[in-house]
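# Structure at a glance
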Amino acid sequence: MADGLQTVKNWILERHPERDDIAADLDLIENRLIDSLSFVEFVFLLEQESGTAIQMETLEVDSIRTLGAIEQHFFTAKVEVGQA
Amino acid sequence: MPARPAAPPAGGLGWANLGMDIVSVNRVRRLLAQYGERFFERMLTPGELADCRTSSGLDVLSLCGRIAAKEAAFKTLRVRGRFLPWPDIVVRRSEGGWPLVELHGPAAEMAAESGITEITVSISHDVDYAVAVAAPIIAPTPSSSNS
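Throughout this document, residue positions are counted from 1 along each chain, in the order its sequence is written. A letter from A marks each chain and a number from 1 marks each ligand, given out in the order of writing. Only residues with pLDDT of 70 or above have their local features reported here, since the model is predicted, and side-chain atom pairs are shown and tallied only from 80 upward, although totals for entire chains, interfaces and linings are computed over all residues. Excluding hydrogens and water, the side-chain values take into account all heavy atoms of the structure.

On to the sheet that holds strand E7 (residues 129-138) of chain B. Residues and elements named next belong to chain B. Read across the open sheet, the three strands follow the order E1-E7-E6; overall the sheet is antiparallel. Each edge of the sheet is formed by a strand with only one pairing partner; in this case those strands are strand E1 (19-24) and strand E6 (116-125). Shown here is a sheet whose adjacent strand axes are inclined to one another by a mean of 20°, direction ignored. Summarising the sheet, E1 and E7 pair through six bridges and their orientation is antiparallel. Within E7, the position partnered with glycine 19 by the bridge is alanine 134. At least two bridges found by DSSP between two strands is the condition for calling them paired. Secondary structure follows DSSP: runs of H or I at least 4 residues long count as helices, runs of E at least 2 residues long count as strands, and numbering of each begins at the N terminus. Every axis corresponds to a line fitted to the C-alpha atoms, with the helix fit spanning only the stretch in contact, and the corresponding angles, defined between N-to-C directions, vary from 0 to 180 degrees.

Attention now goes to the nonpolar core. In plain words, nonpolar cores are sets of buried Ala, Val, Leu, Ile, Met, Phe, Trp, Tyr and Cys residues tied together by side-chain atoms within 4.5 Å. Buried, partly exposed and exposed residues are distinguished by accessible area as a fraction of the type maximum, computed with a 1.4 Å probe on protein chains only: under 20%, between the cut-offs, and over 50%, respectively. Counting residues in each nonpolar core, the largest one holds 65 residues, and the members touching the most others are Ile70 of chain A together with Ile67 of chain B. The leading source of residues in this core is helix H4 (residues 60-77) of chain B, at ten residues. Between two residues, a contact is recorded if the distance between any of their heavy atoms is within 4.5 Å. In contact with isoleucine 70 of chain A, other than residues within four places in its own chain, are Leu5, Leu28, Phe42, Leu46, Ser63, Ile64 and Phe75 of chain A.

For the rest of this paragraph, the subject is a nonpolar patch on the surface. Residue and element names in this part refer to chain B. On the surface, a nonpolar cluster with roughly 290 Å² of combined accessible area is contributed by Leu18, Met20 and Val133. Residue placement: valine 133 occurs in strand E7. For valine 133, a relative accessible area of 35% gives the class partly exposed. Patch definition: residues above 30% relative accessible area lacking any salt bridge, with like charges linked at up to 9 Å and the nonpolar side chains Val, Leu, Ile, Met, Phe, Trp and Tyr linked at up to 5 Å. Under the convention used here, a 1.4 Å probe and the Shrake-Rupley method define accessible areas, while residue burial counts only the protein chains that appear. What counts as a salt bridge is simple: a side-chain nitrogen of Lys or Arg found within 4 Å of a carboxyl oxygen of Asp or Glu.

Looking now at helix H5 (residues 105-113) of chain B. All names here are of chain B. Among all positions in H5, only Ala107, Met110 and Ala111 are buried. Buried residues of H5, viewed axially, fall in a sector of 100°; they line one side. The exposed set on the far side of H5, more than 90 degrees from its buried face, consists of Glu109, Ala112 and Glu113. Buried residues belonging to H5 abut H4, strand E4 (89-93), strand E5 (99-103) and E6. Two residues or fewer past H5, glycine 115 is found with a positive phi of approximately 75°. The arc in question is traced by the directions running from the helix axis to the C-beta atoms.

Bringing the layout of surface pockets into the picture now. Buriedness of a pocket was judged along seven lines, with at least five required to meet protein on both sides within 12 Å; pockets are open sets of points on a 1 Å grid over the protein atoms alone, cavities are sets where a 1.4 Å probe fits but cannot get out, and lining residues have an atom within 4 Å of a point. Grid points are joined across faces, edges and corners, and a volume is the space filled by probe spheres set on the points. Computed from the structure, the largest pocket encloses a volume of approximately 940 Å³. For the largest pocket, the lining is made up of 28 residues, of which Ile29, Arg32, Asp35 and Ser36 of chain A together with Glu71 of chain B are closest to its centre. Those elements that provide at least two residues to the lining of the largest pocket are helix H2 (36-50) of chain A together with E1 and H4 of chain B. Looking at the lining of the largest pocket element by element, the count peaks at five residues for E1 of chain B. If you add up the space inside the second largest pocket, you get close to 240 Å³. Around the second largest pocket, the lining is made up of 17 residues, and of these Met56, Glu57 and Leu59 of chain A together with Arg82 and Phe83 of chain B lie nearest the centre. Three classes are used: nonpolar for Ala, Val, Leu, Ile, Met, Phe, Trp, Tyr, Cys and Pro, charged for Asp, Glu, Lys and Arg, and polar for all others, with Gly counted as polar. Broken down by class, the residue content of the lining of the second largest pocket amounts to ten nonpolar, two polar and five charged.

Turning next to the interface of chain B and chain A. Opposite the 20 residues of chain B that make contact, chain A presents 21 residues. In total, chain B and chain A occlude about 1,600 Å² of area from one another, counting both sides; carbon and sulfur atoms represent 64% of this. A per-residue breakdown of the area chain B buries against chain A is headed by Arg27, Arg42 and Phe83 of chain B, which together make up 45% of the total. Counting across the chain B and chain A interface gives three salt bridges. Put simply, arginine 27 of chain B and aspartate 35 of chain A hold a salt bridge, and the shortest N to O gap is 2.9 Å. For any pair of parts, buried area is found by adding up, for both, the accessible area (1.4 Å probe) each one loses once the two are put together.

In structure tokens form, the structure reads like this:
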């Protein structure tokens with residue numbers, strides 16, 4: 001797991017101490033791990049960790065619905081560029 | 001800006017799909033301390049922020065109420081798979097002091113798809129929390145206006 005994604009996962013876990021772990025395919029929205037207010041803060045964190053500016057207006061729900069989707073949309077591409 | 005949303009005539013279409021939200025003052029205070037006002041510039045328009053400002057800075061309770069009102073208004077739209085379009089649901093303070101909702105862009109489109117012409121909200125707050133309830137005004141259809 002990329003360091004940035006681990007930071008994102010830790011950020012969610014810190015806000016939900018009732019959870020020990022978050023599966024890669026767990027729906028973060030349906031399980032209320034991210035709500036509207038924390039979503040704005042979450043976007044701040046994602047920008048910081050991925051180094052990518054995010055337009056909230058065009059952000060697709062499915063791109064942050066699970067940790068797996070977050071890795072695919074915000075961290076995988078960066079790793080591939082680094083390895084090229 | 002209209003003075004107030006107009007209720008539908010008695011016997012016509014009524015209110016539906018209420019929205020409600022609650023916002024913790026402590027949570028917003030932490031965000032303000034951690035990120036500063038710029039954090040809320042993603043959620044509130046300059047006019048909304050101005051409505052929440054006092055001579056000593058942003059009033060956190062007003063901020064919480066405004067955020068709760070936006071979320072409550074969004075809930076009346078009953079859309080799935082969409083994030084709250086923060087800048088497109090605008091809650092301003094009217095001359096009378098009550099909050100008025102303006103819908104723009106995607107929020108206006110979502111409302112139109114649901115037959116909603118306007119949304120009315122009420123905000124209340126105490127020491128630790130702000131709450132808001134919102135109700136949509138449904139546009140009468142040709143069949144309902146004939147009945």
